[in-house]
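Overview (structure and organization)
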Amino acid sequence: MAKTAKPRLRSRAWFDNPDDPGMTALYLERYLNYGLTLDELRSDKPVIGIAQSGSDLSPCNRHHLELAKRVRDGIRDAGGIPLEFPTHPIQETGKRPTAALDRNLAYLGLVELLYGYPIDGVVLTTGCDKTTPAMLMGAATVDIPAIVLSGGPMLDGHHKGKLAGSGMAVWSAREDLAAGRIDYDEFMRAVAASAPSAGHCNTMGTASSMNAMAEALGMSLPGCSAIPAPYRERGQMAYHTGVRIVGMVREDLRPSRIMTRQAFENAIVAASALGASTNCPPHITAIARHMGVDLNVKDWDKVGYDIPLLVNMQPAGKYLGESFHRAGGVPAVMKALLKAGKLHGGAMTVTGKSYADNLKTAPDPDGDVIRTYAKPLLKQSGFAVLSGNLFDSAVMKTSVISAEFRRQYLENPKDPMAFEGRAIVFEGPEDYHARINDPKLPIDRDAILFIRHVGPIGYPGAAEVVNMLPPDRLVKEGITLLPCVGDGRQSGTSASPSILNASPEAAAGGGLALLKTGDRVRIDLKRRRADMLISKAELDKRRKAWRAPKLVHQTPWQELQRGAIGQLETGGCLDFATRYQRIDRTHGIPRNNH
């Protein structure tokens, strides 16, 4: 049997092309000026990019500046040549008006870097929320060998003898502040206690969720996502990741062989079992679109809704990142799901082996931090996808529906799993903060809080502002949660079962644009409906009178993105960009530059 020819390295087109000595010399000479040698660059050593997301602007990812040293060691020891380069910084808690503006911008930059430079494979350094999807979207588009190195969560936070989870501490402290139980200084101390070390959120917020999704997709080494940032195992994982990417280049193992439809279904199942963030659906959908995999927002309901909650981690549970890692992390969860017949065990991973093969040595659930499939925290914990005259689609995270919320809104024997209420409509977060305590607003237990014009076009970028606290007077009475609905997002660290990501958004003429304060609204989870209880004639009248809002662009990128971005139900992608798929093979090596 004839042997399969070893694929020619992309980098040889730059550094060793006898058919074009002039250009080869031009490319070579500048890469020699800081110490690389002719022999290295003209050898069969693969050039491995390290997509560096760490910077002072991105504190959640900053330790990648150190981890990259161990990645370099691994690449060198495996026979590769490391080339580290910066990516556009994304920090969820630092960027105004929202870091959601930056995901697509970082993606575009990464595509140009991976395609236009002499890179044979890449290590994608991820951490804070949107660094993970931006990296995976870019790797999917170019489709050269790629592997994810997560930065890992912070150590567990503690405040006054209790666990203080990142994000969660903010939401609980703002309730205490509104109720008058703490003052401003104590508010700051409580929240600061939740961030005790390097790393991203130590809760199952969007950062932990999306890094777990990378592992569930098969795009990182087993156990990578949950190792806390300061642990020695994090540096060891960086080394092993550097070693492995060289092997992936030799094997020509590309994202298109890993991120298949089966892999995305595995990710959806894992998200439900993890109690993952509501930001997962748009991000995973975006990655799938750039990979050319057909994935619909309703697949989150169809594939994942009936999956039980296995991970006892805030905000859906009680523990934080260190406990989750010690209990076995994502491999222990996936092993339980595989045994229950809920995973595609044959899906390929970056190890070069199937998911089932990888999980043979994974630990079993400990029964506390990670529950068994037979004894979960909840029997159903997936995302419910709703539609109606308010929107075509929106998602609700069922794993954070508390017993109190369920009693108040979902246990009416005459109308189970459904409730009605009076709409209170806010035109963005500024309007919410200005008016939420207005005594003239008829807000009581019967109210449903709506916020609009906070989606991909309206905000712009889709802001995490849907989690709205009731008026202070209700909080003081012990009413800390009202149903919330919006065309934006909310933090994955929030325990509020809001209805989010409503598409189309109000700025695009979606049903939320037609809603008025005082309208009766019906939410029916059983039927997956969300409707304004007004006549068709009235709805038609409002639609006829509706005018698109005038958008104010503060930066050139805001204008560019608003003109090209799709809705959250389809991933919030730059729609034109999803036409560019597997471009390393589709278009080959780019043209010369001289």
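Residues numbered from 1 in each chain as written. Predicted model: local features only at pLDDT ≥ 70, side-chain atom pairs only at ≥ 80, totals over all residues. Heavy atoms only, no water.

1. Description of the overall build of the protein
We count it as follows: Each helix corresponds to a stretch of at least 4 residues labelled H or I by DSSP, and each strand to a stretch of at least 2 residues labelled E; elements are numbered beginning at the N terminus. The globule rule used for comparison is 2.2 Å times the number of residues to the exponent 0.38, while the radius of gyration itself is calculated over C-alpha atoms. Burial classes: relative accessible area under 20% of the type maximum marks a residue as buried, over 50% as exposed, and values in between as partly exposed (1.4 Å probe, protein chains only). Working rule for contacts: check all heavy atoms of both residues, and any pair within 4.5 Å makes them a contact. All accessible areas in this document rest on Shrake-Rupley with a 1.4 Å probe, and a residue is counted as covered only by the protein chains that are shown. Positive charges are assigned to Lys and Arg, negative charges to Asp and Glu, while His and the chain termini are left out of the count. Every charge is mapped to an atom, namely NZ of Lys, CZ of Arg, CG of Asp or CD of Glu.
Per the secondary structure count, the protein includes 23 helices and 14 strands. The C-alpha radius of gyration of the protein comes to 24 Å, within 12% of the 25 Å expected for a compact globule of 594 residues. Seen through its principal axes, the protein has C-alpha atoms that stretch 80 × 55 × 50 Å. Taken over 594 residues, the protein has a buried fraction of 60%. Counting only contacts in the protein whose residues sit at least 6 apart along the sequence, the fraction spanning at least 24 positions is 77%. Of the accessible surface of the protein, which amounts to about 23,800 Å², a share of 52% is contributed by carbon and sulfur atoms. If the 73 positive side-chain charges of the protein are averaged to one point and the 63 negative ones to another, these points end up 3 Å apart.

2. Notes on the packing of helix H9 (residues 206-216) against helix H12 (residues 261-274)
To keep things clear, this is the line we draw: Angles here are taken between N-to-C directions and fall from 0 to 180 degrees, while the axes themselves are lines fitted to C-alpha atoms, restricted in helices to the stretch in contact. Note on angle classes: values under 35 degrees are labelled roughly parallel, values over 145 roughly antiparallel, values of 65 to 115 roughly perpendicular, and the remainder oblique. Two helices cross in a left-handed way if the nearer one is turned anticlockwise from the farther one by less than a right angle. They cross in a right-handed way if the turn is clockwise. All amino acids are sorted into three groups, where Ala, Val, Leu, Ile, Met, Phe, Trp, Tyr, Cys and Pro are nonpolar, Asp, Glu, Lys and Arg are charged, and the leftover types, Gly among them, are polar.
Their axes nearest at 9 Å, the elements H9 and H12 cross at an angle of 140°. Considering their axes alone, H9 and H12 lie oblique with respect to each other. Relative to H12, the crossing made by H9 is right-handed. In this structure, H9 uses Ala-212, Met-213 and Ala-216 to contact H12, whose residues at the interface are Ala-263, Asn-266, Ala-267, Ala-270, Ala-271 and Leu-274. Counted by class, the contact of H9 with H12 contains eight nonpolar, one polar and no charged residues.

3. Focus: empty space enclosed by the protein
Stated precisely, the cut-off is as follows: Each cavity reported here is a set of points on a 1 Å grid over the protein atoms alone in which a 1.4 Å probe fits but cannot get out, each pocket an open set with protein on both sides within 12 Å along at least five of seven lines, and each lining residue one with an atom within 4 Å of a point. Grid points are joined across faces, edges and corners, and a volume is the space filled by probe spheres set on the points.
Per the stated rule, a full pass over the model turns up five cavities of 30 Å³ or more. Lining the largest cavity are 14 residues, with Ala-100, Arg-103, Gly-461, Leu-568 and Gly-572 positioned closest to its centre. Looking at the lining of the largest cavity, the elements that each hand over two or more residues are helix H5 (100-116) and helix H13 (280-291). Grouping the constituent residues of the lining of the largest cavity by class yields five nonpolar, six polar and three charged. Volume-wise, the second largest cavity comes out at about 70 Å³. At the level of secondary structure, the elements contributing two or more residues to the lining of the second largest cavity comprise H9 and helix H15 (321-326).

4. With respect to the confidence of the model for the protein
As a reminder of what qualifies: pLDDT is a residue-level measure of predictor confidence that goes from 0 to 100.
Residues at a pLDDT of 70 or more form 99% of the protein, whose mean pLDDT is 96. Long-range and interchain partners of residues 1-5, a stretch whose pLDDT sits below 50, account for zero contacts in this model, where long-range means more than four residues apart.

5. A look at the pattern of salt bridges
One side chain can pair with another of opposite charge once the charged atoms of both are near each other. Quick reminder of the rule: Definition used for salt bridges: Asp or Glu carboxyl oxygen within 4 Å of a side-chain nitrogen of Lys or Arg.
Taken as a whole, this structure holds 41 salt bridges when the rule is applied. For Glu-29, the salt bridge is made with Arg-30, and the minimal N-O distance between the two is 2.9 Å. We classify Glu-29 as partly exposed; its relative accessible area is 33%. Where Arg-522 meets Glu-420, a salt bridge forms, and the shortest distance between an N and an O atom there is 3.6 Å. Of this pair, Arg-522 sits in strand E13 (residues 520-524) while Glu-420 sits in strand E9 (residues 418-426), and the two are 102 residues apart along the sequence.

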